[in-house]
Amino acid sequence: MIQFSDVYKRYPNRHEALSGLSFNIDKGEMAFLIGHSGAGKSTLLKLIALIERSSHGQVLINNQNLSSMPQRKIPYYRRQIGLVFQDHY
């Protein structure tokens, strides 16, 4: 289960990559992430993988709140998920 509730991601240069994003993906459900360049697709995946943290809002993965996860638990969390990033040449 993946749940985003009113998630924002703002970078130090004041660029807002995500603004008020909310959605649910239930267990066993399939979803496709599509959009134009700069739409926030990579940012969304980085939030799920805890490569970055949201500026505001709540990200739940399997009922686990990523917003409050301590740094020391991140490696154990990442062992439960899988992401494949596109190679850039």
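Analysis parameters
Residues numbered from 1 in each chain as written. Predicted model: local features only at pLDDT ≥ 70, side-chain atom pairs only at ≥ 80, totals over all residues. Heavy atoms only, no water. Core = buried A, V, L, I, M, F, W, Y, C linked by side-chain atoms within 4.5 Å. Buried < 20%, exposed > 50% of the residue type's maximum accessible area, 1.4 Å probe, protein only. Helix = DSSP H or I, 4+ residues; strand = E, 2+ residues; numbered from the N terminus. Contact = heavy atoms within 4.5 Å. Polar contact = N/O pair within 3.5 Å; in protein donor to acceptor, adjacent residues only side chain to side chain. Salt bridge = Lys/Arg side-chain N within 4 Å of Asp/Glu carboxyl O. Pairing = 2+ DSSP bridges.

Draft legend 1. A look at the nonpolar core. Core analysis: the largest hydrophobic core is formed by 13 residues, its most contacted members being Phe4, Leu66 and Tyr77. For this core, the elements supplying multiple residues, two or more each, are strand S1 (2-10), helix H1 (41-48), strand S3 (56-61) and helix H2 (74-78). At 3 residues, the largest contribution of residues to this core is made by H1.

Draft legend 2. Region of the structure containing the environment of leucine 21. Secondary-structure assignment places leucine 21 in strand S2 (residues 16-25). A relative accessible area of 25% places leucine 21 in the partly exposed class. For the pair leucine 21 and aspartate 6, spaced 15 residues apart in sequence, the C-alpha to C-alpha distance is 5.0 Å. Contacts of leucine 21, omitting those with residues within four sequence positions, involve Phe4, Ser5, Asp6, Val7 and Leu44.

Draft legend 3. Geometry of the side chain of lysine 9. You can see lysine 9 is positioned in strand S1. Among the polar contacts made by the side chain of lysine 9, one reaches the main-chain carbonyl oxygen of arginine 53 at a distance of 3.1 Å.

Draft legend 4. A look at the pattern of salt bridges. Tallying each qualifying case throughout the model produces 2 salt bridges. In this structure, the salt-bridge partner of arginine 10 is glutamate 16, at a minimum N-O distance of 2.9 Å. Judged by its relative accessible area of 32%, glutamate 16 is partly exposed.

Draft legend 5. Fine view of the side chain of threonine 43. You can see threonine 43 is positioned in helix H1. For threonine 43, the side chain forms a polar contact with the side chain of tyrosine 11, separated by 3.3 Å. Setting aside anything within four residues of it in sequence, one finds threonine 43 in contact with Lys9, Tyr11, Ala17 and Leu18.

Draft legend 6. Spatial organisation of the environment of alanine 17. Counting through the fold element by element, alanine 17 comes out in strand S2. Overall, alanine 17 belongs to the buried group, its relative accessible area being 11%. With residues near it in sequence (within four places) discarded, alanine 17 still touches Lys9, Tyr11, Ala39, Gly40 and Thr43.

Draft legend 7. Examining the sheet that holds S3 more closely. The 4 strands are arranged S2-S1-S3-S4 in an open sheet whose pairing can be described as antiparallel. Edge positions in the sheet fall to S2 and strand S4 (64-65), since each of these pairs with one other strand and no more. Pairing of S1 with S2, which is carried by 6 bridges, proceeds in the antiparallel orientation. Each residue of the ladder has a partner; that of glutamine 3, found in S2, is asparagine 24.

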